[in-house]
Amino acid sequence: MEPVYRSLEIAAHTLTRLQGVRLQVVGEDNVPRKGGAVIAVNHTGYVDFLPAALGVYRAGRRVRYMIKSEMMDNRVVRFLIEHTHTVPVDRSAGAQAYATAVDELREGYLLGVYPEATISRSFELKDFKTGAVRMAMEASVPIVPCVVWGAQRQWSKGTRRRMGRARIPISVRFGEPLTVATGADPVAETARLKSVMTQMLDAVRAEYPDHPRGADWVPAAMGGSAPTPAEAHEIEIVEDREKAAARAARRAERDA
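In this text, all values refer to a predicted model and were calculated from it rather than measured experimentally.

Trainee: So what's going on with the pairing of strand β7 (residues 169-174)? Which residues, and what values?
Mentor: Among the 6 residues in β7, 6 count as buried, and that is most of the element. Sheet analysis places strand β6 (residues 143-149) next to β7, joined by 4 bridges and oriented antiparallel. Looking at the pairing, Trp149 lines up with Ser171 of β7.

Written out as structure tokens, the structure is:
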């Protein structure tokens, strides 16, 4: 028993109950009962890691995530990272994080990875990075596709925050594990992963209780007010420029 992780599990279940979240998990039998695996999760909000982790918990396992290394600046978060096998990722030096992730997989851990890398403002699947496939290939472990839908209603980019007792339904679905053969083309395998997750996302959304027209958490193609993928891309370009300028200003201030 890992005491820190167990404490987090208790907190997660308590928070879910307090919010009145109506969590539906499908396909948890697809999560391997033992051994390492990459859990590839779509990324629509700041807290979608939680229902995915609770879904894995129902399968009798625990999942660790790869997260931004900036989170290590917070002492509490740093303590949690160091005691739960979470993998911090420094985007300017990703090789070390990648090697650590592969080691974790080889040691038999489940590792949660967001192939889109960042939150999708459009709530559609963005282009996938190849990291999840390459890690699974190198560690010789399967990839379990996982789709979370509804968590963007709680807290995401461009939406109103609804973290109170809103009784939001959240769906989690695990697909059948995908095996990546040694020497396979990572680009082609990543395209296969995205195709599978696209079909899963369509199925989950088709079964979801309701998608009100004009809602900020509903994709534009479904009648919502979320930006289209093209519009979201333009917003991200502006944000990236602003972040780069802020980082440059901080460096200049430190060097002055």
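Trainee: Which residues make up the pattern of salt bridges, and what values go with them?
Mentor: All told, the structure shown has 9 salt bridges when counted by the stated rule. Between Asp216 and Arg162 there is a salt bridge whose closest N-O contact spans 3.0 Å. Of this pair, Asp216 sits in the loop between α6 (186-207) and α7 (229-255) while Arg162 sits in the loop between β6 and β7, and the two are 54 residues apart along the sequence. Residue classification places Asp216 among the buried residues on the basis of a relative accessible area of 18%. By relative accessible area, Arg162 is classed as buried at 17%. What you see here is one network of salt bridges that share partners, running through Glu124, Asp202 and Arg205.

Trainee: A description of the nonpolar core should follow, citing residues and the corresponding values.
Mentor: Counting residues in each nonpolar core, the largest one holds 62 residues, and the members touching the most others are Val38, Ile39, Met135, Ile143, Cys146, Val148 and Phe174. Filtering out sequence-adjacent residues up to four positions away, Met135 remains in contact with Met66, Tyr98, Ala101, Val102, Leu105, Leu111 and Val113.

Trainee: Hey, could you go over the side chain of Ser156 for me, with residue numbers and the actual values?
Mentor: For Ser156, the location among the structural elements is in the loop between β6 and β7. A distance of 2.5 Å separates a polar side-chain atom of Ser156 from the backbone oxygen of Thr44. Ignoring any residue separated from it by four or fewer positions in sequence, one finds Ser156 in contact with Thr44, Gly45, Tyr46, Ile119 and Phe123.

Trainee: Mind laying out a positive patch on the surface, listing which residues take part and the relevant values?
Mentor: Taken together, the side chains of Lys243, Arg247, Arg250, Arg251 and Arg254 make up a positively charged region of the molecular surface. Assignment of secondary structure puts Arg251 in helix α7.

Trainee: Could you give me a rundown of the environment of Ser195, with the residues and numbers involved?
Mentor: Looking at the element boundaries, Ser195 is found in helix α6. On the basis of relative accessible area, Ser195 is assigned to the partly exposed category, the value being 36%. Ser195 sits 70 residues away from Leu125 along the chain, and the two C-alpha atoms are 9.9 Å apart.

What counts, and at which threshold
- Residues numbered from 1 in each chain as written.
- Predicted model: local features only at pLDDT ≥ 70, side-chain atom pairs only at ≥ 80, totals over all residues.
- Heavy atoms only, no water.
- Buried < 20%, exposed > 50% of the residue type's maximum accessible area, 1.4 Å probe, protein only.
- Helix = DSSP H or I, 4+ residues; strand = E, 2+ residues; numbered from the N terminus.
- Pairing = 2+ DSSP bridges.
- Salt bridge = Lys/Arg side-chain N within 4 Å of Asp/Glu carboxyl O.
- Core = buried A, V, L, I, M, F, W, Y, C linked by side-chain atoms within 4.5 Å.
- Contact = heavy atoms within 4.5 Å.
- Polar contact = N/O pair within 3.5 Å; in protein donor to acceptor, adjacent residues only side chain to side chain.
- Patch = residues over 30% accessible without salt bridge, like charges linked within 9 Å, V, L, I, M, F, W, Y side chains within 5 Å.
- Areas by Shrake-Rupley, 256 points an atom, 1.4 Å probe, with all protein chains shown as cover.
- Lys, Arg positive; Asp, Glu negative; His and termini not counted.
- Charge placed at Lys NZ, Arg CZ, Asp CG, Glu CD.

The values are spatial; any link to function lies outside them.
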